[in-house]
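Residue-level structure breakdown
Okay, here's what each chain looks like letter by letter:
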Amino acid sequence: MSGIMYGKRPARTARKSQSLSFPAPVAGWNARDSLTGMQPNEAVRLDNFFPSFGKVELRRGHTEHVTGLGAAVKTLAEFNAGATRKMIAAAGGSIFEVTTAGAVGAALDTGNASDEWQTAQFDDSGGGARLGMVNGTDDPVIYNGSTIAAMTLTGPTKANVVGIHIHKSRSYFWEEDSQSIWYSALNALGGACTQLPLGRLSGWGGNIVGMGSWSV
């Protein structure tokens, strides 16, 4: 016997918000237990804070690492290639290497309109380790551990590229206010890219704001 059963849809009710209070992490950092096994007063991450009796205190003071940048640093990025590890900073329209403490040296790159870069490191046997950098205003660039050069990128409008991600030996890019991503050939950072429109998948509108690799 077969049939179709119909039921009356329940009436919609307005959602109610509820306020919750969370205690300060006075019990400190718990790097041992899972989230479900932690207590409410334990911290998953605790940077520059010290638990105390009934409160958490902010770490006091600071130490200057590099001087002479001329403006506030809005991007810090690490280049990590085996024994070679470098740190670069973007400030005042320029990009500097700031690995060693002290007075900063000559800028690696100048004349940029934005200091808010998104970065992703790409490693392959042909081109070696390289750090791709985009900011949605200036043309993308590549840092190879010593110098910065323009990135070859065709497909998207280069100055509009605001995001970069590396996955499965390809580089991925997306533009500001866009619902498409662009992906490179295998083992390529930039170059000729292919468009993958995602606007019809959800039907919800909006723009791409981030991309990540998720392994289960």
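Attention in this report is confined to the structure presented alongside it. (Residues numbered from 1 in each chain as written. Predicted model: local features only at pLDDT ≥ 70, side-chain atom pairs only at ≥ 80, totals over all residues. Heavy atoms only, no water.)

**Details of the packing of aromatic side chains**
A ring pair, where both rings are aromatic, is described by two values, the distance of the centres and the angle of the planes. Evaluated as defined, the whole model comprises two aromatic pairs. Centre to centre, the rings of F79 and Y143 are 5.6 Å apart; their planes meet at 75°, and the pair counts as edge-to-face. Placement of F79 in strand 4 (residues 73-81) and of Y143 in strand 10 (residues 141-143) is noted, with a sequence separation of 64 residues between them. Classification of F79 as buried rests on a relative accessible area of 3%. The exposure class assigned to Y143 is buried, which follows from its relative accessible area of 0%. With a centroid separation of 6.3 Å and an interplanar angle of 40°, the aromatic rings of Y172 and Y183 are classed as tilted. Here Y172 is found in strand 14 (residues 170-175), whereas its partner Y183 is found in strand 15 (residues 180-183), with 11 residues between them in sequence. (Phe/Tyr/Trp six-rings, centres within 6.5 Å; stacked < 30°, edge-to-face > 60°. Helix = DSSP H or I, 4+ residues; strand = E, 2+ residues; numbered from the N terminus. Buried < 20%, exposed > 50% of the residue type's maximum accessible area, 1.4 Å probe, protein only.)

**What to know about the side chain of N112**
Its place among the elements puts N112 in the loop between strand 7 (102-103) and strand 8 (118-122). One polar contact links N112 to D109, side chain to side chain, over a distance of 3.0 Å. (Polar contact = N/O pair within 3.5 Å; in protein donor to acceptor, adjacent residues only side chain to side chain.)

**Some details on the pattern of salt bridges**
Going through the model one piece at a time under the given rule, you end up with five salt bridges. R32 is paired through a salt bridge with D33; the nearest N and O atoms lie 3.0 Å apart. Classification of R32 by relative accessible area gives exposed; the value is 69%. For D33, a relative accessible area of 29% gives the class partly exposed. Close ionic contact of R85 with E78 constitutes a salt bridge, the shortest N to O distance being 2.4 Å. Its relative accessible area of 41% is what places E78 among the partly exposed residues. (Salt bridge = Lys/Arg side-chain N within 4 Å of Asp/Glu carboxyl O.)

**Points about the environment of S171**
Its place among the elements puts S171 in strand 14. Dropping the residues within four chain positions of it, S171 is found in contact with F122, H165, I166, W182, Y183, S184, A188, L189 and G190. In this structure the side chain of S171 is engaged in a polar contact, spanning 2.9 Å, whose partner is the backbone oxygen of A188. Among the polar contacts made by the side chain of S171, one reaches the main-chain amide nitrogen of G190 at a distance of 3.0 Å. (Contact = heavy atoms within 4.5 Å.)

**A word on unusual backbone geometry**
A positive phi angle, near 60°, is found at N48, a position not held by glycine. Locating N48 in the fold gives a position in the segment before strand 1 (49-52). On the accessibility criterion, N48 (44% relative accessible area) is partly exposed. Located in the positive-phi region is D177, a residue other than glycine, with phi close to 55°. Tracing the backbone through its elements, the reader meets D177 in the loop between strand 14 and strand 15. A relative accessible area of 59% means that D177 is categorised as exposed.

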